Amino acid sequence: AMEDPPSSFRFRRAAVVAAGLIRYRRGGPGRGLVLRDVRRGRGPDIDDAGHKYHLEFVLEDLNDKDSTVNCTAEVLYHLGNRNTPPDVQFTTEGELKSSSEADHRFYNQIKSLEEELVAENIPDSHGNVPPALVPVRLLAGAAAGYVIWQNSTEDTELHLAQIKRVKQVKRSDEYLEFDYVILLHDVVSQ
Amino acid sequence: MKILLVFAALVAAACSEKLFMGDQVLRVTAGDEGQVTQLRVLGEQAELQVDFWRHPTRPGHPADLRVPFSSLPAVKTFLESNNISYSIMIEDVQELLDEERRTMVKSRRTERSTSTFDFASYHTIDEIYHWMDVLVGDHPNLVSKIQIGQSYENRPLYVLKFSTGGSNRSAIWLDTGIHPREWITQATGIWTANKIAEEYGKDPSVTAILDSMDIFFEIVTNPDGFVFTHSSDRLWRKTRSINAGSPCIGVDPNRNWDAGFGGSGASSDPCSETYHGPYAHSEREVKAIADFILGHGNVKSVISIHSYSQMLLFPYGYKTAPVPNHQEMNELAKKAVSDLAAVYGTKYTYGSIMDTIYAADGIAVDWAYDNGVKYSFTFELRDTGRYGFLLPSTQIIPTATETWPALLDVMVHVLEHPY
């Protein structure tokens with residue numbers, strides 16, 4: 001096992017932020033990218049802009065456990081204005097496996113429903129997610145990735161705890177729209 | 001006779017599987033005779049398949065209608081456009097049936113011995129307290145149940161005592177579920193307690209430990225909170241005590257200990273998840289343990305089990321200074337997480353609380369350490385945020401199985417380093 005330097009929790013927090021942004025950009029109902037491991041961390045570099053961390057980490061696709069992707073990122077937490085979300089520059093190694101088949105399957109499933117989708121408590125108290133709702137959860141994860149990125153500081157570590165409620169919004173065009181109420185858990189402040 | 005009735009009910013429930021998914025029961029009150037007639041007409045429309053559980057008779061008297069899922073929009077539109085008032089009595093009939101079926105199956109299970117207890121499921125407090133009595137009954141010469149106090153809502157605080165005799169032997173204290181939403185911990189506690197009982201006389205390490213030491217294991221350390229996670233809020237963390245002058249309930253039981261109490265690694269806001277409480281040991285659940293450990297006088301290790309984050313931690317959380325035996329604690333933690341990872345590859349980080357997770361004031365292991373209990377550790381079990389507190393029950397046995405060698409490492413070290 002790798003020796004963990006004393007500041008490892010800071011690298012993990014920064015990696016969670018980067019993973020959130022990557023999940024927002026690349027995730028969807030057919031692909032859910034979560035942090036598996038932090039390989040290396042350096043920092044913080046401290047200057048007038050703020051605190052910057054350099055990271056190497058591995059993401060895994062929730063939809064395909066064997067599918068992992070190596071990433072690097074620089075995460076800059078701004079000092080001055082705490083309302084400014086962290087700057088994240090990232091790279092992902094290689095090509096991500098295509099999710100278009102899963103995305104299309106989800107699209108067609110929802111389109112074929114007679115009534116707009118409504119669901120609650122995903123996962124439920126026992127951690128169960130009905131298979132039909134897995135893409136709904138992955139989609140929430142992608143959206144939550146954005147919220148997590150936007151609301152993170154050096155003193156937070158945010159994870160999607162549960163979808164309290166999801167309601168499909170009726171539309172007259174070909175788009176699918178969902179209204180989510182989600183619970184985020186901050187490991188630091190609980 | 002009881003078995004036959006349960007079987008018949010199970011068959012009936014099984015046959016009704018999925019027939020009522022999404023159906024609702026509406027309680028409808030007709031305002032006048034005209035509306036009563038309208039409800040009767042509604043019932044006569046065969047294609048809607050409305051099923052009266054209680055028929056419309058007179059104005060002002062409620063009628064109960066089971067409405068199939070597919071007819072709900074039409075029926076509700078009919079009621080609303082005719083200004084007939086209604087409320088939803090049952091949101092989903094199938095769910096109610098499923099719940100009843102689950103309850104019946106469960107109540108069958110509680111009558112059996114520990115060999116058929118379902119360790120791979122999450123259980124209610126009644127099921128756990130019942131299982132404790134069964135465990136004691138199955139191992140009467142090894143396990144007993146003691147009560148160390150009462151919770152805020154007057155629930156008993158039970159501790160399982162594992163002892164092969166002697167008088168006030170050196171002891172190891174374990175607790176799970178102090179934060180009730182961490183369901184994997186109580187579940188792991190049950191499995192582990194059972195494992196200890198089974199392995200005495202078989203596993204050399206367990207036998208050696210119990211031949212000279214006692215183990216005290218509190219599995220439902222926060223029973224009020226645990227009941228609340230079942231009945232109301234699955235993500236409840238604190239106790240359920242009332243805070244004077246505040247609408248917010250509960251104190252964080254792992255910020256309520258007398259070690260760095262009230263510092264910035266806890267909150268002074270009763271509405272916060274890390275509210276430390278009005279004073280140290282204000283919470284009955286905390287005071288009971290502190291009094292027990294101090295009264296016992298011979299506790300050599302405190303192992304407090306939490307989730308999530310996959311970490312093995314030791315003091316301090318309330319100050320940056322390392323404990324005097326930091327190196328020893330670090331080496332032991334390193335070995336334990338290595339043996340844990342060897343089972344399924346699950347990676348843990350380790351170190352002092354301050355270094356590894358965050359500053360935390362008023363925590364149990366810091367208090368224990370400062371009161372002479374040198375081998376005090378906190379486990380944070382699976383996972384690292386994918387499911388967090390809502391860890392699927394399929395992971396209960398793997399989690400308990402991999403944690404076992406790590407726990408043994410700590411307990412063996414305590415045995416081999418008396419002080």
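Residues numbered from 1 in each chain as written. Chains lettered and ligands numbered in written order. Predicted model: local features only at pLDDT ≥ 70, side-chain atom pairs only at ≥ 80, totals over all residues. Heavy atoms only, no water.

Peer 1: Report on the nonpolar core, specifying residues and quantitative values.
Peer 2: Within soluble globular proteins, side chains that are nonpolar generally end up buried alongside one another. All names here are of chain B. Membership of the largest hydrophobic core comes to 79 residues, with the highest contact counts inside it found for W131, L160, F162 and I219. Ranked by residue count, the leading element in this core is helix 13 (residues 396–416), at 10 residues. Core analysis: the second largest hydrophobic core is formed by 36 residues, A171, W257, V365 and V373 among them. (Core = buried A, V, L, I, M, F, W, Y, C linked by side-chain atoms within 4.5 Å. Buried < 20%, exposed > 50% of the residue type's maximum accessible area, 1.4 Å probe, protein only. Helix = DSSP H or I, 4+ residues; strand = E, 2+ residues; numbered from the N terminus.)

Peer 1: Can you explain the sheet that holds strand 6 (residues 156–162) of chain B? Please cite residues and give values.
Peer 2: Residues and elements named next belong to chain B. Reading across the sheet, the eight strands line up as 5-6-8-7-9-12-10-11 and stay open at both edges, with mixed pairing between neighbours. Both outer strands of the open sheet, strand 5 (143–150) and strand 11 (349–352), are each paired with one neighbouring strand and no more. Direction aside, the axes of adjacent strands within the sheet are offset by 20° on average. In this structure, strand 7 (residues 171–176) lies alongside strand 9 (residues 299–307), joined through six bridges in parallel fashion. Bridge pairing in strand 9 links D175 to S304. (Pairing = 2+ DSSP bridges. Axes fitted to C-alpha atoms, helices over the stretch in contact; angles between N-to-C directions.)

Peer 1: Any chance you could break down the pattern of salt bridges for me, citing the residues and the numbers?
Peer 2: Taken as a whole, this structure holds 25 salt bridges over all chains when the rule is applied. Of the charged contacts in the structure, one is a salt bridge between E60(A) and R386(B), with a shortest N-O distance of 2.9 Å. With one member in each of two chains, E60(A) in strand 2 (residues 50–61) and R386(B) in the loop between strand 12 (375–381) and helix 13 form a pair that bridges those chains. Across the salt bridge formed by E101(A) and R105(A), the nearest N and O atoms sit 3.7 Å from each other. (Salt bridge = Lys/Arg side-chain N within 4 Å of Asp/Glu carboxyl O.)

Peer 1: If you had to explain the state of the cysteines to someone new, which residues and values would you point to?
Peer 2: Residue and element names in this part refer to chain B. Taken as a whole, this structure holds one disulfide over all chains when the rule is applied. For C248, the disulfide goes to C271, at an S-S distance of 2.0 Å. As the torsion about the S-S bond is roughly 90°, the C248-C271 disulfide counts as right-handed. Taken together, the positions of C248 in the loop between helix 8 (223–231) and helix 9 (284–296) and C271 in the loop between helix 8 and helix 9 put the pair 23 residues apart, joining distant regions of the chain. Given the relative accessible area of 40%, C271 is considered partly exposed. (Disulfide = S-S within 2.5 Å.)

Peer 1: Report on the UniProt feature "domain: Peptidase M14" (unreviewed entry) in chain B, specifying residues and quantitative values.
Peer 2: Taking the UniProt record as the reference, the feature "domain: Peptidase M14" (unreviewed entry) is found at residues 121–414 of chain B. Here residues 121–414 of chain B is 38% helix and 17% strand, with 32 Å between the C-alpha atoms at its ends. (UniProt positions renumbered as here; feature names shortened; annotations may be inferred.)

Peer 1: Quick rundown of the interface of chain B and chain A? Include the residues and the values.
Peer 2: Facing the 30 residues of chain B at the interface are 29 residues of chain A. With both sides pooled, the region where chain B packs onto chain A buries about 2500 Å², and carbon together with sulfur makes up 48% of that total. Together, Y358(B), R386(B) and L390(B) form the three largest contributors to the area buried by chain B at its contact with chain A, with a combined 25%. Our count for the contact surface shared by chain B and chain A stands at two salt bridges. The partner of K347(B) in a salt bridge is D37(A), with the nearest N and O atoms 2.8 Å apart. If you look at where chain B meets chain A, you find 10 residue pairs in polar contact (both at pLDDT 80 or more). Every element with two or more residues in the side of chain B that touches chain A is listed here: strand 11 and helix 11 (353–356) of chain B. (Contact = heavy atoms within 4.5 Å. Buried area = accessible area lost by both parts, 1.4 Å probe. Polar contact = N/O pair within 3.5 Å; in protein donor to acceptor, adjacent residues only side chain to side chain.)

Peer 1: Explain the pairing of strand 2 of chain A to me, using residue names and the numbers behind them.
Peer 2: Along any regular strand the residues' side chains alternate between the sheet's two faces. Residue and element names in this part refer to chain A. Most of strand 2 sits inside the fold, with 10 of its 12 residues counted as buried. Strand direction decides the pairing type here: strand 1 (residues 33–46) and strand 2, joined by 10 bridges, are antiparallel. In the strand pairing of strand 2, D37 is matched with V58. The turn joining strand 1 and strand 2, which pair antiparallel and follow one another in sequence, is formed by three residues. Across 12 bridges, the pairing between strand 2 and strand 3 (residues 64–78) is antiparallel. Within strand 3, the position partnered with L55 by the bridge is A73. A loop of two residues connects strand 2 with strand 3, the two strands running antiparallel in sequence.

Peer 1: If you had to explain the side chain of D383(B) to someone new, which residues and values would you point to?
Peer 2: Residues and elements named next belong to chain B. Mapping D383 onto the fold places it in the loop between strand 12 and helix 13. An unpaired buried charge is present at D383: no salt bridge exists, and R386, the closest side chain of opposite charge, is 5.2 Å distant. Separated by 2.9 Å, the side chain of D383 and the backbone nitrogen of G385 make a polar contact. Setting aside chain neighbours within four positions, we find D383 in contact with Y308, S309, Q310, G388 and L391. (Lys, Arg positive; Asp, Glu negative; His and termini not counted.)

Peer 1: Break down the confidence of the model for chain A for me, with residues and values.
Peer 2: Residues and elements named next belong to chain A. Confidence along chain A averages 92 in pLDDT terms, with 95% of residues attaining 70 or more. Strand 3 is the least confidently modelled element of chain A, averaging 92 in pLDDT, while strand 7 (residues 177–186) averages 98, the highest of any element. The model gives residues 1–6 a pLDDT under 50, and that stretch makes seven contacts with residues more than four places away or in other chains. (pLDDT = per-residue confidence, 0-100.)

Peer 1: Please set out the UniProt feature "domain: Cystatin LXN-type" (unreviewed entry) in chain A residue by residue, giving values where relevant.
Peer 2: Feature annotation in UniProt assigns "domain: Cystatin LXN-type" (unreviewed entry) to the following positions: residues 1–101 and 118–190 of chain A. A helix fraction of 25% and a strand fraction of 37% characterise residues 118–190 of chain A, whose end C-alpha atoms lie 29 Å from each other.

Peer 1: Before we move on, could you go through the sheet that holds strand 6 (residues 158–169) of chain A and cite the residues and values that matter?
Peer 2: Residues and elements named next belong to chain A. Taken in spatial order, the three strands line up as 5-6-7 in an open sheet, and their pairing is antiparallel. If you trace the sheet from one side to the other, it starts and ends with strand 5 (118–122) and strand 7, each paired once. Shown here is a sheet whose adjacent strand axes are inclined to one another by a mean of 15°, direction ignored. Where strand 6 meets strand 7, 10 bridges bridge the pair, whose relative direction is antiparallel. Its bridge partner being in strand 7, L158 is matched across the sheet by D186. Sitting on the sheet, helix 3 (residues 134–151) is in contact with strand 5, strand 6 and strand 7, with an inclination near 125° to strand 6.

Peer 1: Help me get a handle on empty space enclosed by the protein, residues and values and all.
Peer 2: All names here are of chain B. In this structure the tally under the stated criterion is seven cavities of 30 Å³ or more. The space that makes up the largest cavity amounts to roughly 180 Å³. Lining the largest cavity we find 21 residues, and of these N254, H306, I357, Y358 and E380 sit closest to its centre. Secondary-structure elements contributing two or more residues to the lining of the largest cavity are strand 9 and strand 12. Split by residue class, the lining of the largest cavity holds nine nonpolar, eight polar and four charged. (1 Å grid on protein atoms, 1.4 Å probe; cavity = no way out; pocket = protein on both sides within 12 Å on 5 of 7 lines; lining within 4 Å. Points joined across faces, edges and corners; volume = space filled by probe spheres on them. Nonpolar A, V, L, I, M, F, W, Y, C, P; charged D, E, K, R; others polar.)

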